[in-house]
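Okay, here's what each chain looks like letter by letter:
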Amino acid sequence: MTADKPFITRFAPSPTGELHLGHVAHALCVWRVARELNATVLIRMEDHDRTRCRLEYERSILADLDWLGFMPDPVSRASLESSPSAFRQSDHPERYADAFAQLQRVTDVYGCTCTRTMMETSGPDGERRYPGTCRGMPLDREGRLVARARIPGEETLVEDLLRGPLLHQPQHDQGDVAVRDVFGQWTYQFCVVVDDMHDGVNLIVRGEDLAPSTGRQWLLARMLGRTEPFITAHHPLLYTADGRKLSKRDRSETVRAMRDKGMTAEEVIAAAERGGTQGVKGEK
Ligand code: GLU
Ligand code: ZN
């Protein structure tokens, strides 16, 4: 990373539910790292999954972020007030179609009809590895198919500010990457790489559950012509009292619910810093 290049990071929620405490803890991390490195924070709506994302969730996430005082780069924030927006994935299908065409020029992008159960579990986190069964198959095959891109079999190295160097073997651990799902939607892995490249993002701050995706994302990025490296900061996630990853299902932990209970923005932020509202309830 050249020292004269300013850092650009992003806060990129998927609007599949309301903002919850896990998001707030994540936002604290994004803005903290950004402050330290003097980085711009873009906001981007990752609504690639059209079956789960809703505009009303996007509205409510933006309103809650405003209320909490998280201020992203004003151009990206203002752009989300309108449609189309360059920062809302569903508004620019041509960006992904172009990237897909580029991928087809440099690697085998094939129609895969394999189901999850046909894959091997081998990755470091018990992740399923795709063994490459359908390589060379056309994209217009009969049946429900995923478009998969062949990735090179090399090791990747990405610098992580919190975890040190991330050394991955994506082909060995995960295999070829799905870029379009059975519903014809672009996958998270693909969209995030295309958008980070498009937006000039060179600092990726996100939850540690996504750390294992870093290597294959770098390989995809390179096949799409990216030459500028990025660095990452993968932070710990919030967990519920019974040890589950805090998610949108935990209704009581939504910012909306906390606001409705009369909590102030400062109290919600303090709860996220503590790692949950359990403490708050316990004190009463
Ligand atoms: N949209 C993703 C999420 O909500 C963000 C993924 C990323 O930061 O790479 O978890
Ligand atoms: Zn297959």
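Residues numbered from 1 in each chain as written. Chains lettered and ligands numbered in written order. Predicted model: local features only at pLDDT ≥ 70, side-chain atom pairs only at ≥ 80, totals over all residues. Heavy atoms only, no water.

1. Concerning the environment of Thr40
Reasoning step 1: If you trace the backbone, Thr40 turns up in strand β2 (residues 40–43).
Reasoning step 2: On the basis of relative accessibility, which here comes to 34%, the residue Thr40 falls in the partly exposed class.
Reasoning step 3: Sequence-distant contacts of Thr40, defined by excluding residues within four places in its chain, comprise Phe7, Ile8, Thr9 and Asp73. (Helix = DSSP H or I, 4+ residues; strand = E, 2+ residues; numbered from the N terminus. Buried < 20%, exposed > 50% of the residue type's maximum accessible area, 1.4 Å probe, protein only. Contact = heavy atoms within 4.5 Å.)

2. With respect to the site of ligand 1
Reasoning step 1: Taken together, Arg10, Ala12, Pro13, Ser14, Glu46, Tyr188, Val192, Arg206 and Leu210 make up the full set of residues adjacent to ligand 1.
Reasoning step 2: The side chain of Ser14 places a nitrogen or oxygen atom 3.2 Å from a nitrogen atom of ligand 1.
Reasoning step 3: Between ligand 1 and the protein, one listed contact pairs an oxygen atom with a side-chain N or O atom of Tyr188 at 2.7 Å.
Reasoning step 4: Here ligand 1 loses 78% of its free accessible area of 300 Å² to cover by the protein chains.
Reasoning step 5: Here the residues of the shell around ligand 1 are counted per class, giving five nonpolar, one polar and three charged. (Near = heavy atom within 4 Å. Polar contact = N/O pair within 3.5 Å; in protein donor to acceptor, adjacent residues only side chain to side chain. Areas by Shrake-Rupley, 256 points an atom, 1.4 Å probe, with all protein chains shown as cover. Nonpolar A, V, L, I, M, F, W, Y, C, P; charged D, E, K, R; others polar.)

3. Topic: the coordination of the zinc ion (ligand 2)
Reasoning step 1: Within the protein, Cys112 (SG), Cys114 (SG), Tyr130 (OH) and Cys134 (SG) serve as the donor atoms for the zinc ion (ligand 2), at 2.1 to 2.4 Å.
Reasoning step 2: Taken together, the four donor atoms coordinating the zinc ion (ligand 2) and their angles of 95 to 122 degrees define a geometry best described as tetrahedral.
Reasoning step 3: Each donor residue of the zinc ion (ligand 2) belongs to the same chain, and together they define the spacing C-x1-C-x15-Y-x3-C. Of the two residues, Cys114 is situated in the loop between β3 (109–112) and β4 (120–121) and Cys134 in the loop between β5 (128–129) and β6 (146–149); the sequence distance between them amounts to 20 residues.
Reasoning step 4: Looking at Cys114, the relative accessible area reads 14%, which means it is buried.
Reasoning step 5: On the basis of relative accessibility, which here comes to 5%, the residue Cys134 falls in the buried class. (Donors = N, O, S within 2.8 Å, 3.2 Å for Na, K, Ca; no water. Tetrahedral: all angles 85-135°; square planar, octahedral: opposite > 155°, others 65-115°.)

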